[in-house]
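Chain by chain, the residues run as shown.
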Amino acid sequence: MRILVFGAHPDDAEICCGGTMAKYRKGGHEVAIIHACNGNKGDYITPPDQLAQIRCGEAARAGSLIGARVSCLGYGDAEVFYNEETLGVFVDAIRREQPDVIFTHNPEDYHLDHIAVSKLVVDGTFLSTVPSYRPQSQAVSTMPQIYFMETYSGIGFQPTEYVDITQEMELKLEMMGCHSSQIKWMMEHDKVDILDFLKVSGKYRGYQCGTVYGECFRRYLTALRAVPGNFLP
């Protein structure tokens, strides 16, 4: 299958489903990561233009550890909004990847970029199958399945699916370790050791599903999407 993880910022993919991405790749599936924003505002000192280059470089290195394609739409942090122009950009991005499965943020999350990206991905996924919408790009032939990723710290999130990432946990931490500028920012701004956070949250989700480490998701079920089958690795 062709898997697309569509997040708001560099590192969202690794935090929310790094183990699942690694497991897909071990199974021979293709994985692409798109982050809408370039992470340009997450530092107290580094200028935004310079920080954007750093963050996107870190994301590329993280993705290379599992052989994932990584790209950025180039929006600044807190500058991605739901409108006709941005929706078209998202549709074109989805069509370039022609995914069977998409992972994105939960519609209710703590960050405005996460919320905007979630709705843009959901609506963009439907429109990506409509040939007459933006006919300059090739429509997706089959409606992709969507899984919402866990909210940051899990508040308000009720999983419907789990993935055992016990064998992939070390690789997930290695991928996240590539995001050194973000690790520093989260310690300074949020007072969070994100690597320890991932181990604790992964252990907690593992307890829930009977594994050592786990990641959890909520499948998006609506008309045209509630098709039979297991799409998780």
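It should be emphasised that the depicted structure is a prediction, and the values quoted were computed from it without experimental measurement. (Residues numbered from 1 in each chain as written. Predicted model: local features only at pLDDT ≥ 70, side-chain atom pairs only at ≥ 80, totals over all residues. Heavy atoms only, no water.)

## What about the packing of helix H2 (residues 48-64) against helix H6 (residues 180-190)?
Thought 1: Close contact between H2 and H6 brings their axes to 8 Å; oriented N to C, the two are set at 115°. Compared by their axis directions, H2 and H6 come out roughly perpendicular. Across the interface between the two elements, Leu 51, Ile 54, Arg 55 and Glu 58 from H2 touch Ser 180, Ser 181 and Gln 182 from H6.
Thought 2: Split by residue class, the contact of H2 with H6 holds two nonpolar, three polar and two charged. (Axes fitted to C-alpha atoms, helices over the stretch in contact; angles between N-to-C directions. Helix = DSSP H or I, 4+ residues; strand = E, 2+ residues; numbered from the N terminus. Parallel < 35°, antiparallel > 145°, perpendicular 65-115°, else oblique. Contact = heavy atoms within 4.5 Å. Nonpolar A, V, L, I, M, F, W, Y, C, P; charged D, E, K, R; others polar.)

## Focus: the nonpolar core
Thought 1: Ranked by size, the top nonpolar core spans 33 residues in total, and within it Met 21 and Phe 103 carry the most contacts.
Thought 2: It is helix H1 (residues 12-26) that contributes the most residues to this core, seven residues altogether.
Thought 3: Residues in contact with Met 21, not counting those within four places in the same chain, are Val 5, Ala 13, Glu 14, Val 31, Ile 33, Ile 66 and Met 175.
Thought 4: In this structure, Ala 36, Ile 102, Val 117 and Phe 148 belong to the second largest nonpolar core, which totals 21 residues. (Core = buried A, V, L, I, M, F, W, Y, C linked by side-chain atoms within 4.5 Å. Buried < 20%, exposed > 50% of the residue type's maximum accessible area, 1.4 Å probe, protein only.)

## Overview of the packing of helix H5 (residues 169-177) against helix H7 (residues 194-209)
Thought 1: Put simply, H5 and H7 touch, their axes get as near as 10 Å, and they point 155° apart. Judged by the inter-axis angle, H5 sits roughly antiparallel to H7. Both H5 and H7 take part in a crossing whose hand is right-handed. The segment H5 lies against H7, with Met 169, Lys 172, Leu 173, Met 176 and Gly 177 engaging Ile 194, Leu 195, Leu 198 and Lys 199.
Thought 2: Residues that form the contact of H5 with H7 fall into these classes: six nonpolar, one polar and two charged. (Left-handed = near helix turned anticlockwise from the far one by under 90°.)

## Some remarks on the pairing of strand S4 (residues 101-105)
Thought 1: Most of S4 is tucked away, with five of its five residues classed as buried.
Thought 2: Sheet topology places strand S1 (residues 2-7) next to S4; four bridges connect them, and they run parallel. Following the sheet pairing, Phe 6 is matched in S4 by Thr 104.
Thought 3: As judged from the five bridges shared by S4 and strand S5 (residues 145-149), these two strands associate in the parallel manner. Paired with His 105 across the two strands is Met 149, which belongs to S5.
Thought 4: With respect to chirality, the unit in which S4 leads through helix H4 (residues 112-127) into the neighbouring parallel S5 is right-handed. (Pairing = 2+ DSSP bridges. Right-handed = clockwise from strand over helix to strand, strands pointing away.)

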